[in-house]
Amino acid sequence: MTHRTVHVDLPGRAYDIIIGRGVLAEAGSRIAQMTRRKHVAIVSDDTVAGLHLAALQANLAKAGLTSDALALPAGEKTKSWPFLEQSVEWLLSQKVERGDVVVAFGGGVIGDLAGFAAAILRRGVRFVQIPTTLLAQVDSSVGGKTGINSPLGKNLIGAFHQPSLVLADTALLDTLPPRDFLSGYGEVVKYGLLGDSGFFDWLEAEGPALAAGDADARIRAVERSCQMKADIVMRDETEQGDRALLNLGHTFCHALEAATGYDAARLVHGEGVAIGCALAFEVSARAGLCAQEDPSRVRAHLADMGMKVDLADIAGDLPDADTLMDLMGQDKKVENGRINFIMAHGIGKAFVTADVDREIVRAVLTDALRAKTGG
Ligand SMILES: NC(=O)c1ccc[n+]([C@@H]2O[C@H](COP(=O)([O-])OP(=O)(O)OC[C@H]3O[C@@H](n4cnc5c(N)ncnc54)[C@H](O)[C@@H]3O)[C@@H](O)[C@H]2O)c1
């Protein structure tokens, strides 16, 4: 399958997402066209740098670009003040100027961190996203949300700063551990569930092949996901309305991430999103918003893919339903104390509402916790 391009047509900030096996080989020529300076600063993490940095730097060199890289520790803890400071100071030491380009080479952690560093460096320099996880290729590298976590919550500090180019090389996913791949798949399923039932049908049929490594299926899934995200971002860049649909499953997910202490051994982001989507459909069904069969269909597909589906799939103890609801109340989607939920009228038919009966949410969580403890 040839390379695919998704165009994000934001006025004054338009950019392309190039998707395909081997698009990393276009990095040098494309970046050389974007900047007069013949030097590129790359922010990455240790794992990605160990596996793929040499290939990126060799390609940049072929296009006449020198480069230096900062490799930070891998993992969510890197999306924090100390590493933001380190990144910004390092970029300044690299003499990155307003016309230059910073490259974010890694998963969502590096994309969010380096993107935010680029947003605040000299009041904003351009950056190129080269996402290396499935999650980053289908979600975090697109749409311009950048930032870091606070000890008080995830993603509470940040800026909207669109990349100037996204290169999603699906061959880089070959080295991704299966658990990280499936975590990213949680976000892929989310797109089908929120707005495209045909895509969900396709995932039900092709998901297992895609997970097993089918190259064309991977490209198709990344392309469709990016197109859906781009369409939503073009309608609502700063999340005044429709963009909130992308948070399907996320209010539950963020509560579960907080409840498990952001411990990747217990839960990673995309796993929380998948469980959160299943819970959102369960609440929707109990509230009479969607068919009773819809939650079972969501759960069946996640189970088919070998993904976490239930609270019972999270190792260790979880707090009670009231505590989980309090944690949901701390999500940044809360406005005037009301939680904005993403509910569904069916598969592919999500909508935003603050009008959800809290007793139904509590009952769904209580039942899920009871199933976990075997009570
Ligand atoms: N900005 C947004 O719109 C947005 C959207 C969704 C998620 N996010 C954020 O994204 C982050 C999660 O991203 P993630 O799941 O990519 O996590 P991550 O960046 O921590 O990557 C997961 C792990 O995979 C490793 N890795 C990355 N690429 C690899 C490769 N090709 N081969 C082998 N190992 C590789 C990393 O070193 C890391 O250990 C969270 O912080 C979340 O909040 C942001």
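These remarks concern the structure in this document. (Residues numbered from 1 in each chain as written. Predicted model: local features only at pLDDT ≥ 70, side-chain atom pairs only at ≥ 80, totals over all residues. Heavy atoms only, no water.)

Remarks on the site of the ligand
Around the ligand there are 26 residues in total, and Asp45, Gly108, Thr132, Thr133 and Thr175 lie nearest to it. Asparagine 155 has a polar side-chain atom sitting 3.5 Å from an oxygen atom of the ligand. At a separation of 2.9 Å, a nitrogen atom of the ligand approaches a polar backbone atom of leucine 172. Coverage of the ligand by the protein amounts to 89% of the 860 Å² it exposes when considered alone. Listing elements by their share of the shell around the ligand, those giving two or more residues are helix H2 (46-62), helix H4 (108-120), helix H5 (134-140) and strand S8 (153-160). Class assignment for the residues of the shell around the ligand results in eight nonpolar, nine polar and nine charged. (Near = heavy atom within 4 Å. Polar contact = N/O pair within 3.5 Å; in protein donor to acceptor, adjacent residues only side chain to side chain. Areas by Shrake-Rupley, 256 points an atom, 1.4 Å probe, with all protein chains shown as cover. Helix = DSSP H or I, 4+ residues; strand = E, 2+ residues; numbered from the N terminus. Nonpolar A, V, L, I, M, F, W, Y, C, P; charged D, E, K, R; others polar.)

Focus: the packing of aromatic side chains
Within the structure shown, the criterion is met by two aromatic pairs. Pairing phenylalanine 199 with tryptophan 202 gives two aromatic rings, centres 6.0 Å apart and planes at 15°, and the pair type is stacked. One end of the pair, phenylalanine 199, and the other, tryptophan 202, are both in helix H7 (residues 197-212), three residues apart, so they sit about a helical turn from each other. The class of phenylalanine 199 is buried, set by a relative accessible area of 5%. In this structure, lysine 190 packs its charged tip against the face of tyrosine 191, placed 5.0 Å from the ring centre. (Phe/Tyr/Trp six-rings, centres within 6.5 Å; stacked < 30°, edge-to-face > 60°. Buried < 20%, exposed > 50% of the residue type's maximum accessible area, 1.4 Å probe, protein only. Lys NZ or Arg CZ within 6 Å of the ring centre and 35° of its normal.)

Remarks on helix H6 (residues 178-195)
Look at H6: 26 Å from first C-alpha to last across 18 residues, which is about the 26 Å you get at 1.5 Å a residue. Extensive coverage of H6 is indicated by the burial of 14 of its 18 residues. (Expected span 1.5 Å × (residues − 1).)

Quick look at the sheet that holds strand S2 (residues 15-20)
Taking strand neighbours across the sheet as the criterion, the seven strands line up as S1-S2-S9-S6-S5-S3-S4 in an open arrangement whose pairing is mixed. Edge positions in the open sheet fall to strand S1 (4-8) and strand S4 (66-72), since each of these has one partner strand only. The mean angle between the axes of side-by-side strands here comes to 20°, regardless of whether they run parallel or antiparallel. Together, strand S3 (39-45), S4, strand S5 (101-106) and strand S6 (126-131) form the strand contacts of H2, whose direction differs from that of S3 by roughly 160°. (Pairing = 2+ DSSP bridges. Axes fitted to C-alpha atoms, helices over the stretch in contact; angles between N-to-C directions. Contact = heavy atoms within 4.5 Å.)

Concerning the packing of helix H12 (residues 321-329) against helix H13 (residues 358-373)
Contact geometry of H12 with H13 gives a least axis separation of 9 Å together with a crossing angle of 125°. It follows from the interaxial angle that H12 and H13 lie oblique. Between H12 and H13 the crossing geometry is right-handed. For the pair H12 and H13, the contacting residues are Ala321, Asp322, Leu324, Met325 and Met328 in the first and Arg358, Val361, Arg362, Leu365, Thr366 and Leu369 in the second. A class-by-class count of the residues in the contact of H12 with H13 yields seven nonpolar, one polar and three charged. (Parallel < 35°, antiparallel > 145°, perpendicular 65-115°, else oblique. Left-handed = near helix turned anticlockwise from the far one by under 90°.)

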